[in-house]
Amino acid sequence: MTYLMVQWMGGLLGAGGVGAMLSGQRELVRRWLTWVAIAGVLALAFWLQPYGPVALAGVVAAVCALEYGRLVALPAADRAVLTGLVAVAPVAVWLAPDLVARLAPLTLVAVALPAVLAHDGAAGGRRAAASAFGLAWLLPLCGLVSLGDAALPLVLAVCLADVTAWCGGRLLGGPALSRLSPAKTWGGVLGSAVGGTVVLALLGALSWPLAIAVVLGAPLGDLIESMVKRTYGVKDTGSWLPGFGGLLDRVDSLLVALAVAVVLS
């Protein structure tokens, strides 16, 4: 983690704090305080190289898997297998990336095993499909490890893109991006794209793979989570993260952005 990134994180948090306080909106202040905590965790994780990013990816993946499992009503055994797989995946990517690439198809078999062993002919297919989707959705967190020095700038860019998406939506408005999430507008998409790419440029990390990951991956990740939540009639994946709901609600944009960056890098 470079001194430049520390400077920009501190500056952005400071400016955000002033804006939140001046707004007089308690919800914005709560969100800012959560951002401060998140920034602290990120700074510590990426400072403790190479172990920090591995641990961060594993913990975030495990928490998100538990939230996702509750969201889609997976039985306890299915949740345990899914959580275990996504939690150890970053460690495996760090220690033996070639082996992971060869064994990856077997993980789809692993997540179906609980339903198969339970002889679940009534809901087994739904359980296996939901687990497989959760696995594919969360495994991109391994990008926090495999992307190396590009990982932190991408995370920071996506974080600010979420903020500028909200600002762009309020200031520019425009038609809804999708019926999956009517509150998200094309003005928000523009704000997200500008904010994210500006951060990449300021951090000296602007490249076409990372730019595409932020501009296209971040809003798509948001829509994917909206689709899943609408399918199951759930507003938030949790309630423990002040101002945001659950951790999966906070990292939804990052999941697809990481996937795009890993593929293109």
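Everything that follows concerns the structure shown earlier in this document.
Presented here is an overview of the structure given in this document. Quantities reported herein were computed from a predicted structural model and do not represent experimental measurements. (Residues numbered from 1 in each chain as written. Predicted model: local features only at pLDDT ≥ 70, side-chain atom pairs only at ≥ 80, totals over all residues. Heavy atoms only, no water.)

## Here we look at helix 10 (residues 208-232)
Taking 1.5 Å as the rise per residue, helix 10 with 25 residues should run 36 Å; its terminal C-alpha atoms sit 36 Å apart, in good agreement. Along helix 10, the largest kink reaches about 35 degrees and is centred on Gly217; proline Pro219 follows within four residues of it. Following helix 10 by one or two positions, Gly233 adopts a phi angle in the positive range, close to 65 degrees. (Helix = DSSP H or I, 4+ residues; strand = E, 2+ residues; numbered from the N terminus. Expected span 1.5 Å × (residues − 1). Bend = angle between axes of the 7 residues up to and from the residue.)

## Considering unusual backbone geometry
Residue Pro50 follows Gln49 across a cis peptide bond; omega there is -5 degrees. Checked against the element boundaries, Pro50 lands in the loop between helix 2 (26-47) and helix 3 (51-71). The phi torsion at Ala73 lies on the positive side, around 60 degrees, for a residue other than glycine. A positive phi is found at His119, a non-glycine position, where the angle reads about 55 degrees. Mapped onto the elements of the fold, His119 is located in the loop between helix 5 (97-117) and helix 6 (124-138).

## Let's talk about helix 4 (residues 76-95)
Helix length check: helix 4 (20 residues) gives 29 Å between terminal C-alpha atoms against 28 Å at 1.5 Å per residue, within 8%. By the largest-angle criterion, Ala89 marks the main kink of helix 4, which is about 35 degrees, and a proline, Pro90, follows within four residues. Within helix 4, the full set of buried residues consists of Asp78, Leu82, Thr83, Val86, Ala89, Pro90 and Val93. Where helix 4 is buried, its residues contact helix 3, helix 5, helix 6 and helix 7 (143-146). (Buried < 20%, exposed > 50% of the residue type's maximum accessible area, 1.4 Å probe, protein only. Contact = heavy atoms within 4.5 Å.)

## Remarks on the side chain of Ser226
Relative to the helices and strands, Ser226 resides in helix 10. Taking the relative accessible area as the measure of exposure, Ser226 reaches 9% and is therefore buried. Contact partners of Ser226, with chain neighbours within four places excluded, come to Leu180, Ser181 and Lys184.

## Regarding the nonpolar core
In globular proteins that are soluble, nonpolar side chains generally tend to be buried together. Membership of the largest hydrophobic core comes to 61 residues, with the highest contact counts inside it found for Phe46, Tyr68, Leu144, Leu154, Leu248 and Val251. Tyr68 has contacts with Leu74, Leu82, Ala130, Phe133, Gly134, Trp137, Val228 and Leu248, leaving out every residue within four places of it along the chain. (Core = buried A, V, L, I, M, F, W, Y, C linked by side-chain atoms within 4.5 Å.)

## Notes on the environment of Val163
As for its position among the elements, Val163 is in helix 8 (residues 151-172). On the basis of relative accessible area, Val163 is assigned to the partly exposed category, the value being 33%. For Val163 and Pro182, which are 19 residues apart along the polypeptide, the C-alpha to C-alpha distance reads 17 Å.

## A few points about the packing of helix 10 against helix 11 (residues 247-264)
Packed helices, taken two at a time, are described by the angle their axes make and the gap between the axes. Direction vectors running N to C along helix 10 and helix 11 enclose 135 degrees, while the axes themselves pass 7 Å from each other. Judged by the inter-axis angle, helix 10 sits oblique to helix 11. In this structure, helix 10 meets helix 11 at a crossing whose hand is right-handed. Looking at the contact of helix 10 with helix 11, its residues break down into 14 nonpolar, three polar and five charged. (Axes fitted to C-alpha atoms, helices over the stretch in contact; angles between N-to-C directions. Parallel < 35°, antiparallel > 145°, perpendicular 65-115°, else oblique. Left-handed = near helix turned anticlockwise from the far one by under 90°. Nonpolar A, V, L, I, M, F, W, Y, C, P; charged D, E, K, R; others polar.)

## Let's talk about the pattern of salt bridges
A full pass over the atoms with the stated rule returns six salt bridges. When the shortest N-O distance is used, the salt bridge between Asp120 and Arg127 registers 2.8 Å. On the basis of relative accessibility, which here comes to 7%, the residue Arg127 falls in the buried class. Put simply, Arg250 and Asp162 hold a salt bridge, and the shortest N to O gap is 2.7 Å. Taken as a pair, Arg250 in helix 11 and Asp162 in helix 8 lie far apart in primary sequence, 88 residues in all. When sorted by exposure, Arg250 lands in the same class as Asp162, which is buried. A network of salt bridges, in which partner residues are shared, links Asp78, Asp120 and Arg127. (Salt bridge = Lys/Arg side-chain N within 4 Å of Asp/Glu carboxyl O.)

## Examining the environment of Gly217
With respect to the element layout, Gly217 can be found in helix 10. Expressed as a C-alpha distance, the spacing of Gly217 and Leu258, which sit 41 residues apart in the sequence, is 7.8 Å. Excluding residues that lie within four positions of it along the chain, Gly217 makes contacts with Ile212, Ser253, Val256, Ala257 and Val260.

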